[in-house]
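# Working through the structure, step by step
Below are the chains, spelled out letter by letter.
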Amino acid sequence: HCLGDKYSLIIGSLTYAIYTASQVLPVLRSEHPDNKTLHDLYGFMYGLILFTAALNGWGASILWVAQGKYMSECCSDQNEGLFYSIFWIFNMGSLIVGNLMAAFVVQKIDLSMFYYIMTFINFSAYSGSSYFPSPNRYRTNHKKKFRLK
């Protein structure tokens, strides 16, 4: 609550990008098994993955809460369904595109290049979220009234 929706979205998306970037070192280690430096960094990589996974879990929690609040403040009661539908179309569409990339692109390029591409996409999304406008507060009454019979 103290960061606000916009900055919570930015920080949450940054943790996803950091977690994806942390996967590059283990992939490089598996691609270059004869590299002594990468082999010696196993403990560091293991700790880095665990730390960034925990950081990503924390970031995901603030990201999803901020996303819900941000979207509810951007829409009115009349267009609320449209806003959430568009969000879910992009969310589910990203799963389809990501799986297709994994199925077809990974076969053609090195796995490390795939992680570089995914890291670039994540940092681009992080950068893009910093340009989100502050939502207009269309809703006048956030509390729904329930009648007991």
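Structure report, in brief.

What follows concerns a nonpolar patch on the surface. A cluster of nonpolar side chains, Leu 82, Ile 86, Ile 89 and Phe 90, forms an exposed patch at the surface whose accessible area comes to about 450 Å². Here Ile 89 shows up in helix 5 (residues 80–105).

Take the pattern of salt bridges next. One side chain can pair with another of opposite charge once the charged atoms of both are near each other. Counted by the stated rule, this structure contains three salt bridges. The residue Asp 5 makes a salt bridge to Lys 69 at a minimum N-O spacing of 3.5 Å. With a gap of 64 residues between them, Asp 5 in helix 1 (residues 5–22) and Lys 69 in helix 4 (residues 42–74) connect regions that are remote in the sequence. Among the residues examined, Lys 69 registers a relative accessible area of 36% and is labelled partly exposed. Through salt bridges that share partners, Asp 5, Lys 69 and Glu 73 make up one connected network.

As a further point, take the packing of helix 2 (residues 24–31) against helix 4. Two elements in contact, helix 2 and helix 4, have axes whose closest approach is 9 Å; the angle formed by their N-to-C orientations is 145°. As helix 2 packs across helix 4, the resulting crossing turns out to be left-handed. For the pair helix 2 and helix 4, the contacting residues are Leu 25, Pro 26 and Arg 29 in the first and Tyr 42, Phe 44, Met 45, Leu 48 and Ile 49 in the second. Here the residues of the contact of helix 2 with helix 4 are counted per class, giving seven nonpolar, no polar and one charged.

What follows is about the environment of Gly 68. Turning to its location among the elements, Gly 68 is positioned in helix 4. You can call Gly 68 partly exposed: its relative accessible area is 24%. Along the sequence, Gly 68 and Asp 5 sit 63 residues apart, while their C-alpha atoms lie 9.2 Å from each other.

Calculation notes
Residues numbered from 1 in each chain as written. Predicted model: local features only at pLDDT ≥ 70, side-chain atom pairs only at ≥ 80, totals over all residues. Heavy atoms only, no water. Patch = residues over 30% accessible without salt bridge, like charges linked within 9 Å, V, L, I, M, F, W, Y side chains within 5 Å. Areas by Shrake-Rupley, 256 points an atom, 1.4 Å probe, with all protein chains shown as cover. Salt bridge = Lys/Arg side-chain N within 4 Å of Asp/Glu carboxyl O. Helix = DSSP H or I, 4+ residues; strand = E, 2+ residues; numbered from the N terminus. Buried < 20%, exposed > 50% of the residue type's maximum accessible area, 1.4 Å probe, protein only. Axes fitted to C-alpha atoms, helices over the stretch in contact; angles between N-to-C directions. Left-handed = near helix turned anticlockwise from the far one by under 90°. Contact = heavy atoms within 4.5 Å. Nonpolar A, V, L, I, M, F, W, Y, C, P; charged D, E, K, R; others polar.

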